[in-house]
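Next come the chains, spelled out residue by residue.
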Amino acid sequence: MSEAAVLERYSEGAQEKQEALCCPVDYDASLLKLLPTEIVEKDYGCGDPSRYVRKGDVVLDLGSGSGKICYMAAQLIGEEGQVIGVDMNDDMLALARKYQDEMTAKLGNDRVRFVKGQIQDLALDVDAMEDWLKDHPVNDAKSLSALEQWKQKQKQQKPLIADNSIDLVISNCVLNLVDDAQKKQLVEEIYRVVKPGARIAISDIVSDEAIPQHLKDDATLWSGCISGAFQEQEMITMFLEAGFQSISFDKWSAEPWQVVEDIEFRSLTLTAIKPEGTECFDSGHAVIYRGPFNFVKDDEGHEFPRGERMAVCERTFRFLTEGAYKDDFIGISPAGERTPIPWCAPHGTRRPAAETKGGQHVHGDSEGSCC
Ligand SMILES: C[S@@+](CC[C@H](N)C(=O)[O-])C[C@H]1O[C@@H](n2cnc3c(N)ncnc32)[C@H](O)[C@@H]1O
């Protein structure tokens, strides 16, 4: 689908509120209070990824539109955090920037900026490219090749969004607007910019079945955030293949937003984590999965049967006992100091009780000692 249709539709959306693009969302009203009415009204989102923002985060909002989610996130990050909104549409950028001074005064410091870029190519600085093009117009193969060389150099030397620089990537109803041929590159770009161990929260539209080509070719359905949607399982697969872990459909609307030719389109929020790394050092740690399921399996293939003392490397131990899963696992650190060895316990390796005896049991709501 042509990018021109998307540009045209959202230029109109920046000028006049477009009812057809509005999907009802239950935002945190306390965060909307500070926002100018025009920004709240020109809302073309389908979820609320600002719920995942933490104090101090550097947040990147893909397809920031009027800037609503950026200005909501800005209230949650505090003085030390930063929000960067990326959008490719000049009219949307102008709308978001129009209120920047007002919001800076309300927030107490300048913690939000909006940059021009394509979310499937987050290294390319489109403003810088447009400046360069003023002096180097492209009108033949030679000048086209010069532009390509300039782009490569700019992306390497001064990427718009650097590798491993973001604590939380968010997006609200935008990934579906990227051409299918570029969706893989888009997800790989998201992976590139997130810091190891950091998070993403993507609100978008998904379809319950594959979308036929004639619907994809319909410019109104495409630019209206419908026919470019990921199919549910396709979305998970693409994020897994890029390297993300702990992928969850955290929010899932019960009712479809639209039904077209019997295909249900609904909004959801996908959350995931970029792994800290792949290195495995064994120092004798174990974890016990508390239940309630018979067993669980992570995205690296480790299985954790309920109640079993499973051998894990230091990295997996930290991941399961310090993060989002700390209430699901009991961690047992080794009794004495052991020199870490590069060893990753093969899936299913139990840690004998003899090795963890006297070790410290950590995290979760531990019982006190018996009388
Ligand atoms: C459905 S609106 C969502 C806007 C905003 N996230 C919100 O919650 O209101 C889509 C926005 O993404 C922008 N957009 C679409 N495709 C894009 C792309 N490939 N790169 C950058 N921005 C894009 C559009 O210009 C528009 O502002």
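Structure's up top.
This report concerns the structure included in the present document. This one's a predicted model, so the numbers in the text were calculated from it and none came from an experiment. (Residues numbered from 1 in each chain as written. Predicted model: local features only at pLDDT ≥ 70, side-chain atom pairs only at ≥ 80, totals over all residues. Heavy atoms only, no water.)

1. Some remarks on the overall build of the protein chain
Point 1. In terms of helices and strands, the protein chain carries 14 helices and 17 strands.
Point 2. In terms of overall dimensions, the protein chain has a C-alpha envelope of 75 × 50 × 50 Å along the principal axes.
Point 3. Every one of the 371 residues in the protein chain was classed for burial, and the buried ones make up 50%.
Point 4. Of the roughly 18100 Å² of accessible surface on the protein chain, 49% is carried by carbon and sulfur atoms.
Point 5. Taken together, the 40 basic and 64 acidic charged side chains of the protein chain have centroids lying 5 Å from each other. (Helix = DSSP H or I, 4+ residues; strand = E, 2+ residues; numbered from the N terminus. Buried < 20%, exposed > 50% of the residue type's maximum accessible area, 1.4 Å probe, protein only. Areas by Shrake-Rupley, 256 points an atom, 1.4 Å probe, with all protein chains shown as cover. Lys, Arg positive; Asp, Glu negative; His and termini not counted. Charge placed at Lys NZ, Arg CZ, Asp CG, Glu CD.)

2. So, the pairing of strand β11 (residues 285–289)
Point 1. Counting buried residues along β11, five of its five residues qualify, which places the element largely inside the surrounding structure.
Point 2. Two strands pair when backbone bridges link them, and β11 and strand β14 (residues 309–312) are joined in this way by four bridges, in the antiparallel orientation. Opposite Ile288, over in β14, you have Arg309 as the bridge partner.
Point 3. In this sheet, strand β15 (residues 329–332) lies alongside β11 in antiparallel orientation, the contact comprising four bridges. Bridged to Val287 within β15 is Gly331. (Pairing = 2+ DSSP bridges.)

3. Notes on the site of the ligand
Point 1. Near the ligand you find 23 residues, and of these Tyr44, Gly63, Asp87, Ile119 and Gln120 are the closest.
Point 2. Here a nitrogen atom of the ligand sits 2.9 Å away from a polar atom, N or O, in the side chain of Gln120.
Point 3. At 3.1 Å from a nitrogen atom of the ligand is found a main-chain nitrogen or oxygen belonging to Asn172.
Point 4. For the shell around the ligand, the per-class residue count stands at eleven nonpolar, nine polar and three charged. (Near = heavy atom within 4 Å. Polar contact = N/O pair within 3.5 Å; in protein donor to acceptor, adjacent residues only side chain to side chain. Nonpolar A, V, L, I, M, F, W, Y, C, P; charged D, E, K, R; others polar.)

4. As for the environment of Lys357
Point 1. For Lys357, the location among the structural elements is in the loop between α14 (353–356) and β17 (361–362).
Point 2. Along the sequence, Lys357 and Pro334 sit 23 residues apart, while their C-alpha atoms lie 7.9 Å from each other.

5. Points about the nonpolar core
Point 1. The biggest cluster of nonpolar side chains holds 48 residues, and the ones touching the most others in it are Tyr10, Tyr71, Val83, Val112, Phe114, Ile205 and Phe265.
Point 2. For this core, the leading source of residues is helix α4 (residues 68–77), giving seven residues.
Point 3. With residues up to four places along the chain from it excluded, the contact list for Tyr71 reads Leu35, Ile39, Ser66, Ala96, Tyr99, Gln100, Met103, Val112 and Phe114. (Core = buried A, V, L, I, M, F, W, Y, C linked by side-chain atoms within 4.5 Å. Contact = heavy atoms within 4.5 Å.)

6. As for the packing of helix α7 (residues 126–135) against helix α8 (residues 141–157)
Point 1. The geometry of α7 relative to α8 is characterised by a closest axis approach of 11 Å and an angle of 145° between their N-to-C directions. The two elements α7 and α8 meet at a crossing, and its hand is right-handed. On α8, the residues that touch Ala128, Met129, Trp132 and Leu133 of α7 are Ala146, Leu147, Trp150 and Lys151.
Point 2. Of the residues that constitute the contact of α7 with α8, the class distribution is seven nonpolar, no polar and one charged. (Axes fitted to C-alpha atoms, helices over the stretch in contact; angles between N-to-C directions. Left-handed = near helix turned anticlockwise from the far one by under 90°.)

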